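Next come the chains, spelled out residue by residue.
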Amino acid sequence: MYDIPLMRPHLPDAAREKVLEVLDSGYLTEGPVTRRFEEMCCDWLGVGHALAVTSCTTGLEMALRALGVGPGDEVVLPDYTYPATATAVALVGATPVVVDVDPATMLIDYEAMERAVTPRTKALLPVSLFGNPVDQGRVDAVAREHGLRVLEDAACALGASFGGEKVGGMADVSVFSLHPRKFVTTGEGGLVTTNDPDLDAWMDSFKHFGLDREASREGAVFSMVGSNLKLSNLQAALGVAQMEMVDELLARRRELAANYLDLLAGTGGVELPATTPGGEHSWQTFCVLVDGRDEVMARMRAAGVEAQIGTYALHLQPAFRDNPAVRLEGDMAGSRKAFDRALALPLYHTMTNAEQERVVDTLREAVR
Ligand SMILES: Cc1ncc(COP(=O)(O)O)c(C=O)c1O
């Protein structure tokens, strides 16, 4: 246990009440509370359709299937990301084509992304990592030029926006995570969003065992092979309670991030995170870049402050490095730099200014 943890889920009293209501109702599986959660997300994100699912990973896999991605197809994605981004592609039998990232924004290198496109490429899978939105203009330009679909891994990007528009409605499909590291969490879970009614209908069927809603008037009819990605009323109750205060949750994250940027400005040995020009960060994760990151992280932890690595470089992981079904493009120098140097600092809703100053002092001491 640390004095100052990396993340502390913020569950208002209403969350407890809503969970108890679900328990009392006896309706534990997916149902009206899940519907309510989906509606709230649609309204807040300004997107046509939202499907609550079991995780971002399963949501990405389902979205790839919905986009018709399968064996023989290639999907271009960044090297610096959580393994789930590439795993989803491999699980549908397609080839993850992994390209480098810009070491400053830690997001996909748009030129490398375009260079990796071949006649087999079916989709682009950029990641709005840590809540920093991808440059949708650049992604769309490549997609349009080559006739590709865009699936956004928005695991960390709830509340982020680009060009004034919230992440969730700009790609063909976006997928968010509701894991407890995220500021809206259902324990485990994911949210899949799209403005395309046909994709929504396909995914709605897939996540309910292939149920055909149109044909199911007098008994269930299953028209396709589907799976079970339902999010229970119990989990959704947490999500509803948090969505009721989502603006406040996001505003506090942005305030704390702005404090970090102020407090750390000019600190020798600490490079501050860059935001995509034209984008607004949600600060799901506040990562600085430091040399000797592992040593700095160990010193901070020893001083009671939980620091953490940013995320992973796929080309260093055996599942992708030693896998003939994965194509690694380029030397991944940008990703390697981000992987070696990124350090995530504590950031949670109830964090006090005094706690934040302690993190900053501890970091300054650790990099000395
Ligand atoms: C970029 C990215 N993609 C996917 C995932 C997987 O999300 P989940 O745990 O909801 O499956 C994560 C997890 O943090 C992530 O950071």
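Below is a summary of the structure that appears in this document. (Residues numbered from 1 in each chain as written. Predicted model: local features only at pLDDT ≥ 70, side-chain atom pairs only at ≥ 80, totals over all residues. Heavy atoms only, no water.)

**Overview of the overall build of the protein**
For the protein, the helix and strand inventory stands at 13 helices and 14 strands. Here the C-alpha radius of gyration of the protein, 21 Å, is about what a compact globule of 368 residues would show, namely 21 Å. Projected onto its principal axes, the C-alpha coordinates of the protein cover approximately 70 × 55 × 35 Å. For the protein, with 368 residues in total, the buried portion stands at 55%. The long-range share in the protein, meaning contacts at least 24 apart out of those at least 6 apart in sequence, stands at 71%. For the protein, the accessible area works out to roughly 15,000 Å², and carbon and sulfur atoms hold 51% of it. (Helix = DSSP H or I, 4+ residues; strand = E, 2+ residues; numbered from the N terminus. Rg over C-alpha atoms; globule rule 2.2 N^0.38 Å. Buried < 20%, exposed > 50% of the residue type's maximum accessible area, 1.4 Å probe, protein only. Contact = heavy atoms within 4.5 Å. Areas by Shrake-Rupley, 256 points an atom, 1.4 Å probe, with all protein chains shown as cover.)

**A word on the layout of surface pockets**
One way to see where empty space is left: roll a probe the size of a water molecule over the atoms. Approximately 600 Å³ is the volume found for the largest pocket. Looking at the largest pocket, it is lined by 28 residues, and the ones nearest its centre are Tyr82, Cys156, Ser177, His179 and Lys182. At the level of secondary structure, the elements contributing two or more residues to the lining of the largest pocket comprise helix H3 (56-66), helix H4 (84-91) and strand E12 (308-309). Tallying contributions element by element places H3 first for the lining of the largest pocket, with 3 residues. Split into classes, the residues belonging to the lining of the largest pocket amount to 11 nonpolar, 13 polar and 4 charged. (1 Å grid on protein atoms, 1.4 Å probe; cavity = no way out; pocket = protein on both sides within 12 Å on 5 of 7 lines; lining within 4 Å. Points joined across faces, edges and corners; volume = space filled by probe spheres on them. Nonpolar A, V, L, I, M, F, W, Y, C, P; charged D, E, K, R; others polar.)

**A short note on the site of the ligand**
Neighbouring the ligand are 14 residues; Cys56, Thr57, Asp153, Ser177 and Lys182 lie closest to it. Taking Lys182, its side chain carries an N or O atom lying 2.9 Å from an oxygen atom of the ligand. With respect to the pocket detection grid, the ligand is positioned in the largest pocket. Partitioned by chemical class, the residues of the shell around the ligand number 6 nonpolar, 6 polar and 2 charged. (Near = heavy atom within 4 Å. Polar contact = N/O pair within 3.5 Å; in protein donor to acceptor, adjacent residues only side chain to side chain. Sits in = over half its atoms within 2 Å of the grid points.)

**As for unusual backbone geometry**
One non-glycine residue, Phe130, lies in positive phi territory at about 65°. Within the fold, Phe130 resides in the loop between strand E4 (121-124) and helix H6 (136-146). For Phe130, a relative accessible area of 6% gives the class buried. Phi is positive for Phe209, close to 65°, though the residue is something other than glycine. Its location among the elements puts Phe209 in the loop between helix H7 (197-207) and helix H8 (233-243).

**Some thoughts on the nonpolar core**
In terms of nonpolar packing, the biggest core is built from 87 residues, with Phe37, Met300, Leu343 and Leu345 touching the most fellow members. Beyond its immediate stretch of four places on either side in the chain, Leu345 contacts Leu6, Tyr260, Leu264, Phe286, Val288, Met300, Val359 and Leu363. (Core = buried A, V, L, I, M, F, W, Y, C linked by side-chain atoms within 4.5 Å.)

**With respect to a nonpolar patch on the surface**
On the surface, Leu20, Leu23 and Leu28 cluster together into a nonpolar patch covering about 260 Å² of accessible area. Along the polypeptide, Leu23 turns up in helix H1 (residues 13-25). (Patch = residues over 30% accessible without salt bridge, like charges linked within 9 Å, V, L, I, M, F, W, Y side chains within 5 Å. Salt bridge = Lys/Arg side-chain N within 4 Å of Asp/Glu carboxyl O.)

**Observations concerning the packing of aromatic side chains**
On inspection of all chains with the given rule, the structure shows 5 aromatic pairs. Feature note: the residues Tyr260, Trp283 and Phe286 constitute an aromatic cluster, connected by ring pairs. Arg8 extends its terminal NZ or CZ atom over the ring of Tyr348, reaching a point 4.9 Å from the ring centre. (Phe/Tyr/Trp six-rings, centres within 6.5 Å; stacked < 30°, edge-to-face > 60°. Lys NZ or Arg CZ within 6 Å of the ring centre and 35° of its normal.)

**Describing the pattern of salt bridges**
Pairing between side chains of opposite charge can happen when the charged atoms of each approach one another. Following the criterion strictly, the structure yields 24 salt bridges and no others. For Arg65, the salt bridge is made with Glu61, and the minimal N-O distance between the two is 2.8 Å. Separated by 4 residues within a single helix, Arg65 and Glu61 lie in helix H3, roughly one turn from each other. Taking the shortest distance from any N to any O, the salt bridge between Arg341 and Glu271 comes out at 3.0 Å. Of the two residues, Arg341 is situated in helix H12 (residues 333-341) and Glu271 in the loop between helix H9 (246-264) and strand E10 (279-280); the sequence distance between them amounts to 70 residues. A residue is classified by how much of its surface remains accessible, and Arg341, at 15% relative accessible area, is buried. Glu271 sits in the partly exposed class, given a relative accessible area of 36%.

**Focus: the sheet that holds strand E6 (residues 161-162)**
If you walk across this open sheet you meet the 3 strands as E7-E6-E10, and the pairing is antiparallel. Sheet topology places strand E7 (165-166) and E10 at the edges, where each strand pairs with a single neighbour. As defined by bridge partners, E6 adjoins E10 across 2 bridges and the pair is classed as antiparallel. Paired with Ser161 across the two strands is Glu280, which belongs to E10. (Pairing = 2+ DSSP bridges.)

**What about the packing of H1 against H8?**
Each pair of packed helices gets described by two things: the angle between the helix axes and the distance between those axes. The interhelical angle for the contact between H1 and H8, taken along N-to-C directions, is 155°, at an axis separation of 8 Å. The orientation of H1 relative to H8 falls into the category roughly antiparallel. Pair H1 / H8 crosses with right-handed handedness. Residues Ala14, Ala15, Lys18, Val19, Val22 and Leu23 of H1 lie in contact with H8, whose contacting residues are Asn233, Leu234, Ala237, Leu238, Val240 and Ala241. (Axes fitted to C-alpha atoms, helices over the stretch in contact; angles between N-to-C directions. Parallel < 35°, antiparallel > 145°, perpendicular 65-115°, else oblique. Left-handed = near helix turned anticlockwise from the far one by under 90°.)

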